[in-house]
Amino acid sequence: MRDYFTSQSSLHVGIIMDGNGRWATARGLPRLAGHEAGAEAVNRVVEAAPGCGVAVLTLFAFSSDNWSRPKKEVAALMRLFACYLERETARCVENGIRLEVIGRRDRLSRKLLAAIGKAERATAGGSALRLRIAVDYSARDAILAAARGLPQLSRESLEVRLGPPVDLLIRTGGEQRLSDFMLWECAYAELVFARRMWPDFDAADLASALQDFHCRERRFGAVPVPSVRREEAWLD
Ligand code: FPP
């Protein structure tokens, strides 16, 4: 097998972390237990990402449509995000992880906003991995907001506002849809849909998705490069 995982460190991987609720229900646990186990999976994947050639990792933690969930679940998720940031900031600094939160901020609690500000400031110097956590995020709203703030609208200027193109998009939990996640940035993303529920996802699953990615031929709309016939290759 080719050594993909140390050769290149420039990939942008996005993950739709789905399946926390089903994971918990299947074990007779409250949904929050699934989200807590999901936070452990986040740590496993963040730890493994730089060694797998991932430079930017964007995780879909809470969509703008998730506000329609029961109030208790939403409140628990917001508390979980704040605790996660408070707890993990020091480890991010230690490991050179630059943490950013993307999405709307005007509907987040003061506590969460303070935790985000603190984590972003503390980790700003990190260069091993750019970790972006999407909270109150909608790709359609992000595109509109980015476009509205631009004096000159172009593909390049939008990309600067939105972030780098996604190379690989992974969705766990067996569903096969994008759910309003990085729609612009995923224009040419390779898609991997994993049946595994997010709380069970680990470094080996990330490596397997990347292995799948590296076997794909990315043509960006062009035609495949013709392969040299074996006899001709012998003549060179
Ligand atoms: C989707 O699964 C998951 C969410 C809406 C929340 C994602 C949150 C985490 C992974 C927790 C930790 C995150 C961070 C960044 C610390 P679901 O609840 O819709 O699952 P279901 O489809 O099985 O119901």
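Residues numbered from 1 in each chain as written. Predicted model: local features only at pLDDT ≥ 70, side-chain atom pairs only at ≥ 80, totals over all residues. Heavy atoms only, no water.

Undergrad: What is the right way to read the site of the ligand from this model?
TA: Taken together, 19 residues lie near the ligand, and Asp18, Gly21, Arg22, Arg31 and Arg69 sit nearest. In this structure, an oxygen atom belonging to the ligand sits 3.3 Å away from a main-chain N or O atom of Gly19. For the ligand, an oxygen atom lies 2.9 Å from a polar atom in the side chain of Arg31. Protein burial of the ligand: of its 620 Å² of free accessible surface, 92% is covered by the chains. Within the shell around the ligand, the residues separate by chemical class into ten nonpolar, five polar and four charged. (Near = heavy atom within 4 Å. Polar contact = N/O pair within 3.5 Å; in protein donor to acceptor, adjacent residues only side chain to side chain. Areas by Shrake-Rupley, 256 points an atom, 1.4 Å probe, with all protein chains shown as cover. Nonpolar A, V, L, I, M, F, W, Y, C, P; charged D, E, K, R; others polar.)

Undergrad: What is the right way to look at the environment of Pro164 in this model?
TA: Tracing the chain through its elements places Pro164 in the loop between helix H7 (155-162) and strand E5 (168-171). Overall, Pro164 belongs to the partly exposed group, its relative accessible area being 22%. Once the C-alpha coordinates of Pro164 and His12 are considered, the two residues, 152 residues apart in sequence, prove to be 7.2 Å apart. Other than its neighbours up to four places away in sequence, Pro164 contacts His12, Val56, Arg130 and Glu185. (Helix = DSSP H or I, 4+ residues; strand = E, 2+ residues; numbered from the N terminus. Buried < 20%, exposed > 50% of the residue type's maximum accessible area, 1.4 Å probe, protein only. Contact = heavy atoms within 4.5 Å.)

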